[in-house]
Protein chains: 2
Amino acid sequence: MRDTISLSHGNGGYHMRTLIRDMFSRKFGTSLAMDYDSAVLTVSERIAVTTDTFTVKPLFFNGGDIGKLAVCGTVNDLVVSGAHPNYLTCALVIEEGFSIAELGRIIDSMASEAKANDVSIVTGDTKVVPKHEADGIFINTTGIGVFNDAPSRGVMKEGDAIIVTGDIGRHGAAILAHRECHRLSTTLASDAASLLPLMNVLSPFRNSIRVMHDPTRGGLAQTIHEFITASGTGVTLESDAIPIAEPVRGICELFGFDALYLACEGRAVMAVDADAADEIVSSLRKHPLGREAARIGTATPEKKLLMAMPYGVRRQIEELGETPLPRIC
Amino acid sequence: MRDTISLSHGNGGYHMRTLIRDMFSRKFGTSLAMDYDSAVLTVSERIAVTTDTFTVKPLFFNGGDIGKLAVCGTVNDLVVSGAHPNYLTCALVIEEGFSIAELGRIIDSMASEAKANDVSIVTGDTKVVPKHEADGIFINTTGIGVFNDAPSRGVMKEGDAIIVTGDIGRHGAAILAHRECHRLSTTLASDAASLLPLMNVLSPFRNSIRVMHDPTRGGLAQTIHEFITASGTGVTLESDAIPIAEPVRGICELFGFDALYLACEGRAVMAVDADAADEIVSSLRKHPLGREAARIGTATPEKKLLMAMPYGVRRQIEELGETPLPRIC
């Protein structure tokens, strides 16, 4: 096999067929045959479908890589919607000249995460574009999940508690740190992870959980703004209650970012019936992925996102506007 | 609204939400809300799923644009698998600086094709990458279809007739002509079109149709090679019988391409029970999309793709190897 991807790997011919058979099908453990255009799947009558294209740069970072993100990110979007993830598609756009060894590492990551989450990668597409017409590789995964119970499509209600499953902003800070690694030394790792294991913890409380979301692009702040937009209520957060790891605080101070807007890739934020909040936090903290879970705020009548600071000060947290931090996920 | 796409249109914040609401949701006629990660769909227990990323360049060409392709291409992949297309996802990767007016035209095309095919675009994703890190726009569509009957997963059998629904190589030739338009003048248009209308014509013959495929990348030749790989038989084509439009022949002669390998985006090729071949061709020709339908060859014991030429000559048609024609679809 060659060292680098060439245009012929995306032309529908012999080299593409060989790449699919020898790398993708073999590593994914499914028959991504080129002789059928579609995969035929058995599902339930109600399914959840989500799609995401991953453009993260750098491709490999502390805590993961674009392949791991491409699986976990889409799995998480299904999970927070209350669905059980079953299938993924995988569509690649690869720049001519891309290292086949690196492609193999990325596909290995995808295969490993898919296996860990018991999802099958069932069909795909491979496009190769000339050099400089795409930067490296972009990966689209579309996920299909089934519902064990009726899909949960609630909205936040006044008085609800806001809970986050762990410390925030890690992924965004880790990517930023990696890009600046010539100027600083850190072992800060992305929190990229599947939320599927936490769903077993949360399952007994499903009737108390109004809405859940994974705070990726735009971070915790933007996700809560989405809760606010969809409901008639606002939120007041307690600044002391929001878990932020010290290295993340450090990166934010150094580069002038607000952790509230930095992406998380292994966290969920939810609005829950306040009566169940303590028990939910307690249950989450018993799980390795939920050790830093915390109640961080309350849904309020005033339709704004506010942060309660020390000394009785409250500051308004705006929706994310401009940002100089592209290709985070 | 601004004139061009900026990084903030992909950051998960206010500008992205506005773009989704004011352009995508409005034009697609569905609520692509940002407050839910997944769409909840009603389907049958068996579904067909296919995915494709469209990287065609130029974005706008005689006979269509990337938006039309992105819908028709994925609809066609479902249709040739025997499924009825219901839903699409739409994931965009857009280069910073892309014209918002052009984006609107592309989305209009997608909306128009989706409506014509009665498919809903139910969820999506928007990523913006910095200038020069993606060339223009790439569109991934993942399609979900349902089966009215049992999915057809046959293979070609010895003695089968090979039928194509129209003249070949138009799309590839039209793209090539457009790229060279400073050197030649032509009105050659892509054949980009949905195959859904032809399926009603073919429906009475479903038990006679072993396998069907749309000959996109790699054209007719590569598609027939896929039939050969999946079955135990070869194919001999009749050169006189293969419909190729004069402008396509001209483009091929001028630029040294073989129409057999040029993409079609509105054609199907199928292997059918030879006893039904004449009736299938006759029925196709009654439909505007099938006027040039033709029986072009036969499945043979010898596991090769051969072309019967005049004077008793037979030449072997190889699988597509290298190609200098990227970003065709």
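Quick notes on the rules
- Residues numbered from 1 in each chain as written.
- Chains lettered and ligands numbered in written order.
- Predicted model: local features only at pLDDT ≥ 70, side-chain atom pairs only at ≥ 80, totals over all residues.
- Heavy atoms only, no water.
- Domains from an automatic or database assignment.
- Buried area = accessible area lost by both parts, 1.4 Å probe.
- Salt bridge = Lys/Arg side-chain N within 4 Å of Asp/Glu carboxyl O.
- Polar contact = N/O pair within 3.5 Å; in protein donor to acceptor, adjacent residues only side chain to side chain.
- Helix = DSSP H or I, 4+ residues; strand = E, 2+ residues; numbered from the N terminus.
- Nonpolar A, V, L, I, M, F, W, Y, C, P; charged D, E, K, R; others polar.
- Pairing = 2+ DSSP bridges.
- Axes fitted to C-alpha atoms, helices over the stretch in contact; angles between N-to-C directions.
- Contact = heavy atoms within 4.5 Å.
- Buried < 20%, exposed > 50% of the residue type's maximum accessible area, 1.4 Å probe, protein only.
- Right-handed = clockwise from strand over helix to strand, strands pointing away.
- Expected span 1.5 Å × (residues − 1).
- Bend = angle between axes of the 7 residues up to and from the residue.

## Some points on the domain arrangement of chain A
All names here are of chain A.
So, point 1. Each assigned domain of chain A is listed here: domain 1 (7-146) and domain 2 (161-316).
So, point 2. If you average the C-alpha positions of domain 1 and of domain 2, the two centres end up 28 Å apart.
So, point 3. Contact with domain 2 buries surface across domain 1, with N62, N76 and V80 losing the most and accounting together for 34% of the total.
So, point 4. For the interface between domain 1 and domain 2, the tally reads zero salt bridges.
So, point 5. Linking domain 1 with domain 2 are seven residue pairs in polar contact (both at pLDDT 80 or more), by the criterion used here.
So, point 6. Of all the secondary-structure elements, those providing two or more residues to the side of domain 1 that touches domain 2 are strand 3 (60-61), helix 2 (66-79) and strand 5 (84-95).
So, point 7. Here the side of domain 1 that touches domain 2 gets eight residues from one element, more than from any other, and that element is helix 2.
So, point 8. Class assignment of the residues belonging to the side of domain 1 that touches domain 2 gives a composition of ten nonpolar, six polar and three charged.

## Some thoughts on the sheet that holds strand 10 (residues 234-238) of chain A
Across a sheet, strands are paired by hydrogen bonds formed along the backbone, either parallel or antiparallel in direction.
All names here are of chain A.
So, point 1. Strand order across the open sheet formed by seven strands is 9-11-8-12-10-13-14, with mixed pairing between neighbours. Since the sheet does not close on itself, it has two edges, and those belong to strand 9 (209-213) and strand 14 (314-316), each with one partner. Across the sheet, the mean angle from the axis of one strand to that of its neighbour is 25°, orientation sign disregarded.
So, point 2. As paired elements, strand 8 (residues 161-164) and strand 11 (residues 269-272) share four bridges and run antiparallel to each other. Across the sheet, residue A161 finds its bridge partner in strand 11, namely V272.
So, point 3. Sitting on the sheet, helix 8 (residues 274-285) is in contact with strand 8, strand 9, strand 11 and strand 12 (294-300), with an inclination near 10° to strand 8.

## Some thoughts on the pairing of strand 6 (residues 120-129) of chain A
Two faces make up the sheet, and in a regular strand the side chains alternate between them.
So, point 1. In terms of burial, strand 6 of chain A is a largely internal element, eight of the ten residues being buried.
So, point 2. In this view, the connection linking strand 5 of chain A to its parallel neighbour strand 6 of chain A by way of helix 3 (residues 100-116) of chain A has right-handed handedness.

## Examining the pattern of salt bridges
So, point 1. Tallying each qualifying case throughout the model produces 36 salt bridges over all chains.
So, point 2. Note that R327(B) is salt-bridged to E133(A), the shortest N-O span being 2.6 Å. Taken as a pair, R327(B) in the segment after strand 14 (314-316) and E133(A) in the loop between strand 6 and strand 7 (137-146) lie in two separate chains rather than in one.
So, point 3. For R327(B), a relative accessible area of 5% corresponds to the buried category.
So, point 4. On the basis of relative accessible area, E133(A) is assigned to the buried category, the value being 18%.
So, point 5. Of the charged contacts, one joins R17(B) and E319(A) as a salt bridge, the two residues approaching to 2.7 Å between their closest N and O atoms. Taken together, the residues R17(B) in helix 1 (residues 14-28) and E319(A) in the segment after strand 14 connect one chain to another. Accessibility classification places R17(B) together with E319(A) in one group, the buried group.
So, point 6. Several salt bridges converge on common partners, so that one network encompasses D52(A), R217(A), D125(B) and K127(B).

## Here we look at helix 1 of chain B
Residue and element names in this part refer to chain B.
So, point 1. Its 15 residues give helix 1 an end-to-end C-alpha distance of 20 Å, which sits within 8% of 21 Å, the value for a rise of 1.5 Å per residue.
So, point 2. Helix geometry: helix 1 is bent most strongly at I20, by close to 30°.
So, point 3. Of the positions making up helix 1, those classed as buried are H15, M16, R17, T18, L19, I20, M23, F24, S25 and F28.
So, point 4. Once helix 1 finishes, G29 follows within two positions and takes phi at roughly 70°, a positive value.

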